Amino acid sequence: MSRWMCLLLLACANAYAAPADDLDRFLAERATPPSSSFTAQLQGVGHQVTDRTAELIATATSFIGVPYRRGGNQAESGFDCSGFVRAAFEQAKGLVLPRRANEQAAATEVIDKKDLKPGDLVFFNTMRRAFSHVGIYLGDGKFIHAPRSGAQVRVEDMQVSYWQRRFNGARRVLEDDAAELAAEHLQSARR
């Protein structure tokens, strides 16, 4: 694994630990501290959220080097962009997203680019149509994706002019929405 990737993973791991530390600091600084049971509940929620996001990022980065394959949705045979995103969410969170990038955009919550958090989806217009490409945001302006034929899953910088010009929007996967999507997917598959 490259040094850059090791540093990125280490930075991500530290970034995910930060919210719980910030929560502890905030609670310690308050003039009238909340009850210890309330504090424990908040800390448990914070750890659960950061652990699930960290697992998604770890799963996505474990696919680095998997070759691009149009229509691909398995690490063994290769991924296209939406197949990669779908596999990462299914393996890490048990959430089944729609198959195509434009469907993933339609099924997730619109967020502003400035509100991006690790684990959010980033969309690009790479085929002269909206939402034709998707990746997973890692933080610090970086995202991971399955780019194109002849390439492999990799991390890229959203500040590169190519990606800046083609940025289409950001979306957040809400677990309630994803559960509904999974149920719809099962129903349509049975028809």
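J.: Help me out: how do you make sense of the side chain of Asp 120 in this one?
T.: Of note, Asp 120 is situated in the loop between β3 (109-111) and β4 (121-124). The residues touching Asp 120, leaving out its near neighbours within four places in the chain, are Ile 111, Asp 115, Gly 135, Ile 136, Tyr 137, Arg 171 and Arg 172.

J.: So what exactly am I meant to see when it comes to the sheet that holds β3 here?
T.: One key point about sheets: their strands pair by backbone hydrogen bonds, in either a parallel or an antiparallel sense. Read from one edge to the other, the open sheet built from six strands follows the order β3-β8-β4-β5-β6-β7, with strand pairing classed as antiparallel. Edge positions in the open sheet fall to β3 and β7 (154-157), since each of these has one partner strand only. Across the sheet, the axes of successive neighbouring strands diverge by a mean angle of 40°, strand direction being ignored. Two elements, strand β5 (residues 133-139) and strand β6 (residues 142-145), share three bridges in a ladder whose sense is antiparallel. When the bridges of β6 are listed, Gly 139 appears paired with Lys 142. Strands β4, β5 and β6 of the sheet are contacted by helix α3 (residues 81-93), whose axis makes an angle of about 45° with β5.

J.: I'm lost on the confidence of the model for the protein chain in this one. Help?
T.: Low pLDDT marks stretches whose predicted atomic positions should not be read closely. Mean pLDDT over the protein chain: 79, with 65% of residues reaching 70 or higher. This model gives residues 1-35 a pLDDT under 50, and the stretch forms 26 contacts once residues within four places in sequence are excluded.

J.: I keep staring at α3 and nothing clicks. Help me out?
T.: For an α-helix, 3.6 residues make a turn, and residues three or four places apart therefore share a direction. With 13 residues, α3 extends 18 Å between its outermost C-alpha atoms, agreeing within 8% with the 18 Å of an ideal straight helix rising 1.5 Å per residue. Within α3, 11 of the 13 residues are buried, which leaves the element mostly enclosed by the surrounding structure. Inspection of α3 places Cys 81, Ser 82, Gly 83, Phe 84, Val 85, Arg 86, Ala 87, Ala 88, Phe 89, Ala 92 and Lys 93 among the buried residues, and these make up the whole buried set.

Parameters at a glance
Each chain carries its own residue numbering, running from 1 in the direction its sequence is written. Since the coordinates come from a predicted model, pLDDT governs what is reported: local features require at least 70, and pairs of side-chain atoms require 80 or more to be given and counted, while whole-chain, interface and lining totals use all residues. Note: side-chain values were computed over all heavy atoms of the structure, leaving out hydrogens and water. Here a strand is any run of E in DSSP of at least two residues, a helix any run of H or I of at least four, and the numbering for each starts at the N terminus. Throughout, a residue-residue contact means that at least one pair of heavy atoms, one from each residue, lies within 4.5 Å. Two strands pair if DSSP finds at least two bridges between them. Convention adopted: a line fitted to C-alpha atoms gives each axis, helices being fitted over their contacting stretch, and angles between N-to-C directions are expressed from 0 to 180 degrees. For every residue, the predictor reports its confidence as pLDDT, a number between 0 and 100. Given the number of residues in a helix, its expected span is that number minus one, multiplied by 1.5 Å. Buried residues are those whose accessible area, probed at 1.4 Å on protein chains only, stays under 20% of the maximum for their type, while exposed residues exceed 50% and partly exposed ones sit between those limits.

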